[in-house]
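One-letter residues, chain by chain:
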Amino acid sequence: MFLKKYKMNFIEELRWRGMIHDMMPGTEEQFAKEMTSAYIGFDPTGDSLHIGSLVQIMILIHLQKAGHKPFALVGGATGMVGDPSGKSAERNLLDNDTLNHNLNCIQKQLERFLDFNCGTNSAEMVNNYDWFKNMNFLDFIRDVGKHISINYMLAKDSVKSRLETGMSFTEFSYQLVQGYDFYWLWKNKNCKVQLGGSDQWGNIVTGTELIRRKGGGEAFACTTPLIKKADGSKFGKTEGGNVWLDKTKTSSYKFYQYWINASDEDAVNYIRIFTLKTKTEIEALEKEHTAAPHLRVLQKALAEDITIRVHSKEDFDAAVSASEVLFKKGAEALAGLKSMSEAIFNDVFEGVPQAEIALIEMEAGIAIVDVLVAKTNFLSSNSEARRALKENSISVNKDKIEEDSILTAKDLINGKYILIQKGKKNYFLVKVV
RNA sequence: GGGGGAAUACUCAAGCGGUCAACGAGGACAGACUGUAAAUCUGUUGGCUACGCCUUCGUAGGUUCGAAUCCUGCUUCCCCCA
């Protein structure tokens with residue numbers, strides 16, 4: 001019956017996209033049987049989600065599109081404890097102000113991706129602090145702890161791997177706290193499935209176990225694989241750290257650039273995971289890409305789709321025009337820069353680091369090394385600047401420059417700017433005031 | 001409580017009295033080639049007022065003409081015995 005109403009099978013959908021790592025027996029049948037509520041928890045360790053969490057967001061979107069009901073849980077309580085999964089050392093506890101700030105920020109980001117007002121399968125946002133704030137310790141160890149044995153808890157990888165180096169009771173009990181979340185949602189919200197990253201498997205299973213023993217019910221789990229890049233490096237990291245969803249932390253330009261720079265091999269996987277394009281659409285794109293790889297159709301489609309969905313159409317357009325100007329060669333790029341109106345220019349360079357230099361100083365002339373270091377802090381030491389200049393990696397206004405060059409007012413674009421770059425991708429804008 | 005060992009740059013890891021700003025590997029950055037890809041090749045990877053100078057080898061002292069290398073105290077970590 002349910003299948004007839006919604007033509008898309010949730011698990012099938014995730015499967016061809018390569019988004020399933022592990023699944024409990026019966027999970028697929030559960031989704032096929034009826035409209036099912038499922039949840040994913042988000043950790044408030046920072047004040048923004050990053051593109052790693054985007055995978056989980058996509059899962060919830062697919063879930064809702066398939067006609068099921070998504071719960072996005074923010075961990076106001078679990079955030080106070082600290083998940084030991086994948087961590088080799090004890091974590092520092094967040095203070096309450098930071099935690100609340102993070103919770104608010106993350107909640108706002110999540111709201112953007114799901115439909116909270118579409119009838120029976122509207123998304124819901126929950127905070128586990130709500131059911132933990134009045135729970136007292138004795139109740140917890142009597143009503144929850146009694147159902148799960150220490151032996152069972154010790155067998156979890158997240159615990160086992162820490163037995164040598166040590167782990168506080170706080171982190172040890174994390175799986176019970178998260179397990180109780182699942183139990184609570186199962187009991188009060190009829191939530192039968194928990195989804196999440198593969199590192200969450202142990203925690204999730206503690207939940208289903210608790211539901212079985214304490215509630216005599218059945219619950220299910222499905223996890224996504226950890227995303228890896230073809231070259232083995234970490235997904236979602238750049239020189240400057242994490243790629244965040246918040247555009248004040250990662251500018252739209254940089255966000256767009258992250259995706260456009262994906263290798264062919266990675267792009268094939270990413271487009272399945274991070275966009276909602278259909279199988280047919282994706283296969284067509286891949287065909288096109290194979291026929292003319294230098295056009296990078298896949299990367300472009302990927303970057304466009306994600307940037308628009310996470311930021312906005314305007315942000316995407318700005319990022320594209322900035323990229324077009326910045327990645328054109330020599331004279332052409334310079335002409336492009338010169339012909340730009342000030343408004344567009346500012347827009348293009350919004351996400352590019354900048355510094356100001358007084359016009360009088362510029363007119364007097366400044367040695368390139370000083371421009372790179374003392375005046376702008378673009379590079380961190382004179383040695384580094386000299387080295388870079390020797391390596392022929394510094395360009396001023398798209399032209400390679402000599403180590404002993406002196407910049408003057410003549411080098412200003414439209415009398416106002418100088419564009420410096422190190423290598424192909426690192427830009428810096430000097431403004432004259 | 002007793003005994004033994006270890007701490008070196010972003011990470012791993014040489015060095016055990018001068019030739020050490022410190023071998024090598026990985027990573028990172030850059031150059032060439034390309035497609036703002038991958039692979040490959042090459043260079044760089046403490047600072048400075050720069051063919052010279054200064055500060056670095058857990059920390060504080062000491063021995064010596066001279067120490068990352070030897071000695072002593074301290075800190076941290078590991079192993080063995082109780």
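Quick caveat, the model's predicted, so the values are computed rather than measured. (Residues numbered from 1 in each chain as written. Chains lettered and ligands numbered in written order. Predicted model: local features only at pLDDT ≥ 70, side-chain atom pairs only at ≥ 80, totals over all residues. Heavy atoms only, no water.)

1. Comments concerning the overall build of chain A
Quick reminder of the rule: Counting from the N terminus, the helices are the DSSP runs of H or I reaching at least four residues and the strands are the DSSP runs of E reaching at least two. The classification of residues rests on relative accessible area computed with a 1.4 Å probe and restricted to protein chains. Under 20% of the type maximum is buried, over 50% is exposed, and intermediate values are partly exposed. Residue contacts are defined here by distance: any two heavy atoms, one from each residue, within 4.5 Å place the two residues in contact. Each accessible area is a Shrake-Rupley result for a 1.4 Å probe, and residues are judged covered by the shown protein chains and nothing else. Working convention for charge: Lys and Arg count positive, Asp and Glu count negative, and His plus the chain ends are omitted. To locate a charge, take atom NZ for lysine, CZ for arginine, CG for aspartate or CD for glutamate.
Secondary structure assignment for chain A yields 23 helices and 15 strands. Taken along its principal axes, the extent of the C-alpha atoms in chain A is 80 × 50 × 35 Å. Of all 433 residues assigned to chain A, the portion counted as buried reaches 50%. Relative to all contacts within chain A whose residues are 6 or more apart in sequence, the contacts with residues 24 or more apart total 73%. Accessible area for chain A stands at about 21,200 Å²; split by element, carbon and sulfur atoms hold 51% of it. Across chain A, 54 positive and 56 negative side-chain charges occur, with their mean positions spaced 3 Å apart.

2. Things to note about helix H17 (residues 297-310)
For an α-helix the count is 3.6 residues per turn, leaving residues at separations of three or four pointing the same way. Convention followed: Given a helix with a known number of residues, its expected span is that number minus one, times 1.5 Å.
Taking 1.5 Å as the rise per residue, H17 with 14 residues should run 20 Å; its terminal C-alpha atoms sit 20 Å apart, in good agreement. Along H17, ten of the 14 residues are buried, which leaves the element largely enclosed by surrounding structure. Listed in full, the buried residues belonging to H17 are Val 297, Leu 298, Gln 299, Ala 301, Leu 302, Ala 303, Asp 305, Ile 306, Thr 307 and Val 310. On the buried face of H17, the contacting elements are helix H4 (51-65), helix H14 (252-260), helix H15 (264-274), helix H16 (279-291) and helix H18 (313-327).

3. Topic: the domain arrangement of chain A
The cut-off we apply is this: Residue ranges assigned to each domain were obtained from an automatic or database domain assignment. Accessible area, probed at 1.4 Å, shrinks when two parts are joined; the buried area is that loss added up over both. Salt bridge criterion: a side-chain nitrogen from Lys or Arg within 4 Å of a carboxyl oxygen from Asp or Glu. Here a polar contact means two N or O atoms within 3.5 Å. Within protein one must be a hydrogen donor candidate and the other an acceptor candidate, and residues neighboring in sequence count only if both atoms are side-chain atoms. Note on residue classes: Ala, Val, Leu, Ile, Met, Phe, Trp, Tyr, Cys and Pro are nonpolar, Asp, Glu, Lys and Arg are charged, and everything else, Gly too, is polar.
Along its sequence, chain A is organised into domain 1 (2-224), domain 2 (237-327) and domain 3 (351-432). The centre of domain 1, based on its C-alpha atoms, is set 29 Å off from the matching centre of domain 2. Across the boundary between the two partners, domain 1 contributes 18 residues, which contact 25 residues of domain 2. With both sides pooled, the region where domain 1 packs onto domain 2 buries about 1,800 Å², and carbon together with sulfur makes up 67% of that total. Together, Trp 16, Arg 17 and Ile 51 form the three largest contributors to the area buried by domain 1 at its contact with domain 2, with a combined 35%. At the boundary of domain 1 and domain 2, one finds one salt bridge. At the boundary of domain 1 and domain 2, one finds ten residue pairs in polar contact (both at pLDDT 80 or more). Per-element accounting of the side of domain 1 that touches domain 2 gives the leading share, eight residues, to H4. Tallied by class, the residues present in the side of domain 1 that touches domain 2 amount to ten nonpolar, four polar and four charged.

4. Describing the protein's contact with RNA strand B
What counts, and what does not: Being near a molecule or strand, for a residue, means having at least one of its heavy atoms within 4 Å of it.
Inspection of the region around RNA strand B gives 26 residues, with Asn 261, Ser 383, Arg 386, Arg 387 and Lys 424 positioned closest. Those atoms of RNA strand B that come within 4 Å of the protein belong to sugar or phosphate at a rate of 57%. In the model, a sugar or linking oxygen of RNA strand B is placed 2.5 Å from a nitrogen or oxygen of the Asn 261 side chain. Here Ser 383 contributes a side-chain N or O atom positioned 2.3 Å from a phosphate oxygen of RNA strand B.

5. Describing the pairing of strand S15 (residues 426-432)
Rule in force here: Two strands qualify as a pair provided that DSSP identifies no fewer than 2 bridges between them.
S15 sits mainly inside the fold: five of its seven residues count as buried. Strand direction decides the pairing type here: strand S9 (residues 354-357) and S15, joined by four bridges, are parallel. In the sheet register, Glu 356 faces S15, and the bridge partner there is Lys 431. Note that strand S14 (residues 417-422) and S15 share six bridges and pair antiparallel. By the bridge assignment, Ile 420 is partnered in S15 with Phe 428. Linking S14 back to S15 in an antiparallel pair, the connection comprises three residues, with Gly 423 at a positive phi of about 70 degrees.

6. Side note on the packing of H14 against H18
Rules: As a rule, the C-alpha atoms of each element are fitted with a line to give its axis, helices using only the stretch in contact, and angles between N-to-C directions run from 0 to 180 degrees. Any angle from 65 to 115 degrees is called roughly perpendicular, while one under 35 is roughly parallel, one over 145 is roughly antiparallel, and all others are oblique.
Axis separation between H14 and H18 bottoms out at 9 Å; the angle between their running directions is 70 degrees. When the interaxial angle is binned, H14 and H18 end up roughly perpendicular. Judged by residue contacts, Ser 252, Tyr 253, Tyr 256 and Gln 257 of H14 engage Asp 315, Phe 316, Ala 319, Val 320, Ala 322, Ser 323, Leu 326 and Phe 327 from H18. By residue class, the composition of the contact of H14 with H18 is eight nonpolar, three polar and one charged.

7. Focus: empty space enclosed by the protein
Here is the rule: Both cavities and pockets are sets of points on a 1 Å grid over the protein atoms alone; in a cavity a 1.4 Å probe fits but cannot get out, in a pocket the set is open with protein on both sides within 12 Å along at least five of seven lines, and lining residues sit with an atom within 4 Å of a point. Grid points are joined across faces, edges and corners, and a volume is the space filled by probe spheres set on the points.
In the structure shown here, the tally under the stated rule is two cavities of 30 Å³ or more. Of the voids in this model, the second largest cavity is the one considered here, and its volume is about 30 Å³. Lining of the second largest cavity is provided by Asp 83, Pro 84, Ser 158, Val 159, Glu 171, Phe 172, Tyr 174, Gln 175 and Asn 203. Those elements giving two or more residues to the lining of the second largest cavity turn out to be helix H10 (157-160), helix H11 (169-172) and helix H12 (174-189). Its residues placed into classes, the lining of the second largest cavity shows four nonpolar, three polar and two charged.

8. Quick look at the nonpolar core
Quick reminder of the rule: We define the nonpolar core as a collection of buried residues of types Ala, Val, Leu, Ile, Met, Phe, Trp, Tyr and Cys that are connected through side-chain atoms lying within 4.5 Å of one another.
Judged by nonpolar contacts, the single largest core of 60 residues is most densely connected at Leu 54, Trp 259 and Phe 274. When residues in this core are grouped by element, the largest group, nine residues, is from H4. Residues lining this core come from more than one domain, with at least three contributed by each of domain 1 (2-224) and domain 2 (237-327). With residues up to four places along the chain from it excluded, the contact list for Phe 274 reads Ile 51, Leu 54, Val 55, Met 58, Ile 227, Phe 235, Trp 259, Asp 305, Ile 306 and Arg 309.

9. With respect to the environment of Thr 170
By the secondary structure assignment, Thr 170 is in helix H11. Sequence spacing of Thr 170 and Ser 380 is 210 residues, and the spatial spacing of their C-alpha atoms is 41 Å.

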